[in-house]
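# Summary of the model geometry
One letter stands for each residue in the lines below.
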Amino acid sequence: MSEKAKLILQGKEYEFPVILGSENEKAIDISSLRAKTGYITLDPGYVNTGATTSSITYLDGELGVLRYRGIPIEQLAEKSTFVETSYLLIYGNLPNKQQLEDFSKSLTMHSMIHEDMKHFFDGYPAAAHPMAILSSMVCSLSAYYPESMNVFDNFDMQVPRLLSKLRTIAAFSYKKSVGHPVIYPQNHLSYCANFLQMMFAVPAEPYEIDDDMVRALNILLILHADHEQNCSTSTVRLVGSSQANMYASVSAGILALWGPLHGGANQAVIEMLESIHNSGTKCADFISKVKDKNSKARLMGFGHRVYKSYDPRAKILKQMTDVILAKRGISDPLLDIAKQMEETALSDPYFIERNLYPNVDFYSGILYKAMGIPVNMFTVMFAIGRLPGWIAHLKEMMEDPNTKIGRPRQIYTGPVSREYVPIESRK
Ligand code: SDX
């Protein structure tokens, strides 16, 4: 017999069904709560509230488990590519040979942006943050593809179009920011190799593809590809629930990701480490400052709403950092500070009591830096990685016949009813 939840309000008993997920997660289905009782629930930050069921990604915060469509992130990072993992997330299974070939080809065919869009870049100051450019350029894609204004139309063409063009827009925005001519995509290159050549090739000399960097970029993007109902994915779902087109929903997701508490943390971690390095602050002194509530300082790249253990992605990134820096002959003092900070924090009761561990953003910036990617592009890299996850959730929501427009309730705490007072009579 399926479990029920009982609620007693003003002496009356109400029953609500319990939902059981495929990994035995449990939820009380309160969709009939207000109709039955007149009450709503209140849960700032949705700490205890599920917005949906989903079959895309599974996290176990206590055990540090992350699986995309049931496949452990460790296996995908070791054996897959970002294009293959994107297909898995969006279409639900690993592609067979033909499916992967067709998908890769469609990404290649959609890699260019309309030449007129290049003029958009001229309107931005050189110091414009690339996340501002990325979001507005993605939203502007809807102006060039009116046939995609209906989010349900041409979905299988919209997917490779956006996955491929986001990467081109990102690389073009970097080139513009450093005053270089933009480098066009090369059709014979893989997704990640193409991005690196669009970022770092210069017309004056041939660009040599570094297979280690291509592999590192694939792994970085795989690790960022989805993370169930995080802030930016929930934003994409909420905007998409109004049936806005895919470009509008993803553009909103990019802006939510930009926040330093979310995807912007990878940039904030490097800025934190650089300030510690440049000021010669001792790790122990910085940790003391973080523990002092009045300082408002946070150990960026630490802590997570779901992971109350080591973020499995951070584990992989930490190992990768040692390998990539050694391969490139780089010794980055920021890595030493990060490791020392981690060791100090993980043995400090403040962090232990609050289950604060390194998250995906703690080491990723050091890797991006070693690859030559500038700090203000770090969150753009997160967006490129997270795009297949956003698309997968949008698709899952659109295919669910029970999807309703997202419209949370509230408890009003403002002034009760009062009369309008003419200005002459106001104090
Ligand atoms: C991402 O949701 C996802 O899945 C996100 C993400 C994804 O892939 O989409 O994993 C990507 O966004 C990772 C998180 C990146 N952000 C940061 O690294 C910023 C620093 N971390 C935090 O600000 C914080 O840990 C959050 C935002 C990540 C989580 O915040 P919560 O769950 O709202 O927790 P909280 O702020 O209520 O903190 C609980 C306690 C508080 O102390 P007390 O009030 O109990 O005394 O822990 C403390 C906080 O002060 N705390 C920290 C801390 N993080 C939490 N103290 C110092 N340094 C920190 N980093």
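Since the structure is predicted, the reported quantities are computational estimates derived from the model, not experimental observations.

Conventions adopted
Residues numbered from 1 in each chain as written. Predicted model: local features only at pLDDT ≥ 70, side-chain atom pairs only at ≥ 80, totals over all residues. Heavy atoms only, no water. Domains from an automatic or database assignment. Helix = DSSP H or I, 4+ residues; strand = E, 2+ residues; numbered from the N terminus. Expected span 1.5 Å × (residues − 1). Buried < 20%, exposed > 50% of the residue type's maximum accessible area, 1.4 Å probe, protein only. Pairing = 2+ DSSP bridges. Phe/Tyr/Trp six-rings, centres within 6.5 Å; stacked < 30°, edge-to-face > 60°. Lys NZ or Arg CZ within 6 Å of the ring centre and 35° of its normal. Contact = heavy atoms within 4.5 Å. Axes fitted to C-alpha atoms, helices over the stretch in contact; angles between N-to-C directions. Parallel < 35°, antiparallel > 145°, perpendicular 65-115°, else oblique. Nonpolar A, V, L, I, M, F, W, Y, C, P; charged D, E, K, R; others polar.

## Comments concerning the domain arrangement of the chain
Per the domain assignment, the segments making up the chain are domain 1 (7–50), domain 2 (65–260 + 380–397) and domain 3 (265–370). A straight line from the C-alpha centre of domain 1 to that of domain 2 covers 37 Å.

## Some words on helix H7 (residues 155–177)
With 23 residues, H7 extends 32 Å from end C-alpha to end C-alpha; this agrees with the ideal 33 Å at 1.5 Å per step. Summarising burial for H7: 19 of the 23 residues are buried, a large majority. One or two positions beyond H7, positive phi appears at Gly179, with a value near 75 degrees.

## Some details on the sheet that holds strand E6 (residues 71–72)
Spatial ordering of the open sheet is given by E4-E5-E6, a layout of three strands whose pairing is antiparallel. Strand pairing shows two members of the sheet lacking a second neighbour, strand E4 (57–60) and E6, which therefore form its edges. With four bridges joining them, E4 and strand E5 (residues 65–68) adopt antiparallel strand pairing. Note on E5: the bridge partner recorded for Asp60 is Val65.

## Here's the deal with the pairing of strand E2 (residues 12–20)
Remark: a regular strand shows side chains that alternate across the two faces of the sheet. When strand E1 (residues 4–9) meets E2, the two strands line up antiparallel, connected through six bridges. In the sheet register, Ile8 faces E2, and the bridge partner there is Glu13. Across three bridges, the pairing between E2 and strand E3 (residues 26–28) is antiparallel. What sits directly across from Ile19, in E3, is Ala27.

## Let's talk about the packing of aromatic side chains
Applying the stated criterion across every chain yields a total of 15 aromatic pairs. Through a chain of ring-to-ring contacts, three or more aromatic side chains come together here, namely Phe302, Tyr350, Phe351, Phe362 and Tyr363. Here Lys36 stacks its cationic end above the ring of Phe16, 4.7 Å away from the centre of that ring. Over the aromatic face of Tyr145 sits the side chain of Arg161, whose NZ or CZ is 3.7 Å from the ring centroid.

## A few points about the side chain of Ser251
One can find Ser251 in helix H11 (residues 246–257). The exposure class of Ser251 is buried, given its relative accessible area of 7%. Residues within four places of Ser251 in sequence aside, it is in contact with Ser135, Val138 and Cys139.

## Comments concerning helix H8 (residues 191–200)
For H8, the tally of buried residues reaches nine of ten residues, placing the bulk of the element in the interior. By the burial criterion, the buried members of H8 are Tyr191, Cys192, Ala193, Asn194, Phe195, Leu196, Gln197, Met198 and Met199. For H8, the elements touching its buried residues are helix H3 (82–91), helix H4 (97–109), H7, helix H9 (211–223) and helix H18 (378–398).

## Quick look at the packing of helix H12 (residues 265–279) against helix H15 (residues 333–346)
Direction vectors running N to C along H12 and H15 enclose 100 degrees, while the axes themselves pass 10 Å from each other. Here H12 is positioned roughly perpendicular relative to H15, judged by the angle of their axes. Taking contact as the criterion, the partners of Ile270, Leu273, Glu274, Ile276 and His277 in H12 are, on H15, Pro333, Leu334, Ile337, Ala338 and Met341. Considered class by class, the residues forming the contact of H12 with H15 number eight nonpolar, one polar and one charged.

## Notes on the pairing of E4
Burial along E4 is two-sided: the residues Thr57 and Leu59 and Tyr58 and Asp60 are all buried. Between E4 and E5, which pair antiparallel in sequence order, lie four residues; one of them, Gly64, sits at a positive phi of approximately 65 degrees.

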